[in-house]
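Letter by letter, the chains look like this.
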Amino acid sequence: MLEDRRLLATLTVDTNLDVVDGSDGVLSLREAMLIANDSSGSTSFDGISSTDLADSIVFDAGEITAADAIVLDSSQLPDVIEPLDINGILSGTDRVKIDGAGASRIFSNSSTLVLSNADLSNGLVSGVDGGAILNNGASLTVSAVSIIDSEAIGGIGGAISSSQGTVNLSGVRLSGGSAVGGGGLHVGGGNATLQSFSSVFNNTATETGGGIHVSPGASLTLTNNVVVTGNTAQGDQGGGGIYNAGTLTLDGSGGASDPRIEVTANQATGSLGSGGGIFNAGSLSVNDASIGVSLAGAPSGNTAQRAGGGIEHTDSSTLVLTDTVLSNNAALGLDAAPGNGGGLHVTGSGNVSLTRGTIANNTAAEEGGGLWNDSGSMTIVGTSISANVANGDGTEQGGGGVYNNGGTDQINNASILNNVATASSIGNGGGGIFNDGSLTITGSTISGNLAETGLGNGGGILNSGGATLNISNSTLSSNSAARAGGGIENSGGSVTVTGVTFNGNSAGINGGGIHVSGDATTNIEGGQFLTNEADQEGGGLWNSSTGTMLIDGALIDGNTASGDGSDQGGGGVFNAGGTVTIVASTIQNNVADGAAGSGGGILGDAGGEITIEGTMILANTASRAGGGIEVTSSTLELTQSTVDSNATGPSPGNGGGIHLTDASEVEIAASTISRNTAANEGGGLWNSAAGTLTLTNSTVSSNEADGSTGGGGVFNSSGGVIDIASTTITLNQAPNGPGDGIEGS
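Residues numbered from 1 in each chain as written. Predicted model: local features only at pLDDT ≥ 70, side-chain atom pairs only at ≥ 80, totals over all residues. Heavy atoms only, no water.

### What about the nonpolar core?
Argument step 1. The biggest cluster of nonpolar side chains holds 125 residues, and the ones touching the most others in it are Phe107 and Leu250.
Argument step 2. Apart from the residues lying within four places of it in its own chain, the contact partners of phenylalanine 107 are Met33, Leu77, Ile86, Ile98, Leu113, Leu115, Leu120, Ala132, Ile133 and Leu134. (Core = buried A, V, L, I, M, F, W, Y, C linked by side-chain atoms within 4.5 Å. Buried < 20%, exposed > 50% of the residue type's maximum accessible area, 1.4 Å probe, protein only. Contact = heavy atoms within 4.5 Å.)

Here's what the structure looks like:
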């Protein structure tokens, strides 16, 4: 029988003993590998040898069962130096078990090794790489193999390490491994593929890459159903699931019935550990994968102490995410670490592209619940960013959905929904987005975001000092800020809004649609401000004492400011002393409904300057004064415009169209003041004792004052100055008092 088996390409192992004995009548795995390594045929055990250049090793199911592990005798099996195929299938689904006994590595490959249908365990090396398998720049194929509880003490690759060459892993399970880097797998060079229902779980690295470590110059692809979960990196760099310094591709778009790629429930636990799921210091491409989605019976997301709960992306590296989900990850911010970028954190000038993805339910201790960008370029296209939370309470913290720290961000056709910045300090907020760099948004929806708690600003967007925001053809709706800027807070930066709809946004104090703080510039070109609300001032828009605001071709309709003070209100627009220019716009149906609220359409306060040209101011109402416009110690130039059908309430109810308080100066030219109503005085216009009102080439008609002191068209308080030239004042009424046209001196 032995003579019949000589020189065959297939060697059958028929003992689970790890022995080398040429006369015991059985063939061990170690003996079979020694034979396979010698194609000259000179190596022989029990008369068995081989001259084949490519041998196969199989196992006798009649002699070896699944319960009979091959336990190595404290030394590694022979290094593979000739092409070899080892198939550990026994019977049915049973397969051979090979145990390194916690004393040695199991396999080393310097040629071509194909290993299938085996369970490896307890491999151990110290000071070198590859606890269970080492690939020495050769070709390694492993399929339907589990490798558990293997360790590279002081080395890299607890289960497998490949220095160069080609590695193909299919249907493998790498679990319980530990190493300095790559507790499960280390790709040190060459190309590797991990695919076909493989998993890397519960491995640990004392430094980087709890599950997988990819070194510079190496390439790894994960495809066709791979799960990386429950791994831990304990060092101050991180990469709980994967650390990449080479080229890493995650591609779940294949044609398999379940092609998912999931990286979830991994941890970067070092005091400055980043990248709970993935730490990228090289080139990373992710297509149709999930970073942080729950698995049955597993924690939900990846976590990092410092930054990048899902992904940390570093300076000068490249990241492309397509059809990818970043969900339920967290940047914890413990042990004095900042805790930024719950889903994704970018350090330095790294560049990022996100297309058709979902960024959801991520949390940051301070900034960027979903995404945090430093000084690089981030492009977001067709992506949903929703229900993320930033918990920072310091100045210039927040950004529930996105935080841009100084980079260049572009957001196109995206949805920024229901994100939260739990702000408690002034200058903090940005429920949807916090921008401290350059941000361009087109064709996007920003809705339901919240800057909550105390002094939170910018429910939808907070644009910080010196930052630039350009937003066009987009919608901001139902965003809310505890303090100011329900839609947008522009805090000393530059904002240009083109063709944007602001609908149903709210502020706990000022600026339901937009609030401007400091020396900021705000340009509004077209678009609509609809049904926005502020608890005190500027239901639609609020401009600061040093701000400059241009409104050109916009519709400001149905907004409400509810401040009770006589210097509060401005249902449509409030100017707190800055410069506001309004051109070719319509301001209508706005309300200042506080107890003494003023300026239903517009309130200009504190020495500011307002210029209005070619604009319709229609059907606005105020409780106290200035149904259309209230000007307090400020200047107003109104040209080629119409102030029509505005009204005041009874508190006291003066100036249905326009009301001047204190030493205000108003010049009206080539305009129409018509069909306005005051509950008391000045149906069309009301001038204070210290005010100056000039009317030129205009018409004041069909206005009504219902109080006993009259002034249906114009009311001039004693001491006030009125200059009227080439103006028609007609068909006005004061049914309960004197002066249908003009009353006062």
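### Remarks on the pattern of salt bridges
Argument step 1. This model, assessed by the stated rule, comprises nine salt bridges.
Argument step 2. A salt bridge links arginine 95 to aspartate 119; its shortest N-O distance comes to 2.9 Å. Of this pair, arginine 95 sits in the loop between strand E4 (84–87) and strand E5 (96–99) while aspartate 119 sits in strand E7 (residues 112–121), placing them 24 residues apart in sequence. One exposure class covers both arginine 95 and aspartate 119, and it is buried.
Argument step 3. A salt bridge links arginine 306 to glutamate 312; the shortest N-O distance between them is 3.6 Å.
Argument step 4. Glutamate 312 sits in the buried class, given a relative accessible area of 2%. (Salt bridge = Lys/Arg side-chain N within 4 Å of Asp/Glu carboxyl O. Helix = DSSP H or I, 4+ residues; strand = E, 2+ residues; numbered from the N terminus.)

### With respect to the packing of aromatic side chains
Argument step 1. For the structure on display, the rule yields six aromatic pairs.
Argument step 2. With 5.2 Å between their ring centres and 20° between their planes, tyrosine 243 and phenylalanine 279 make a pair best called stacked. Linking tyrosine 243 in strand E22 (residues 242–244) with phenylalanine 279 in strand E26 (residues 278–280), this pair joins segments that are 36 residues apart in sequence. Across this residue pair, the class does not change: tyrosine 243 and phenylalanine 279 are buried.
Argument step 3. Judged by centre distance (6.0 Å) and plane angle (5°), the ring pair of tryptophan 372 and tyrosine 403 falls under stacked. A residue pair is termed long-range when its members are at least 10 positions apart, and tryptophan 372 in strand E38 (residues 371–373) and tyrosine 403 in strand E42 (residues 402–404) qualify at 31 residues. Like tyrosine 403, tryptophan 372 is buried.
Argument step 4. Linked through ring pairs, Trp372, Tyr403 and Phe434 together constitute an aromatic cluster. (Phe/Tyr/Trp six-rings, centres within 6.5 Å; stacked < 30°, edge-to-face > 60°.)

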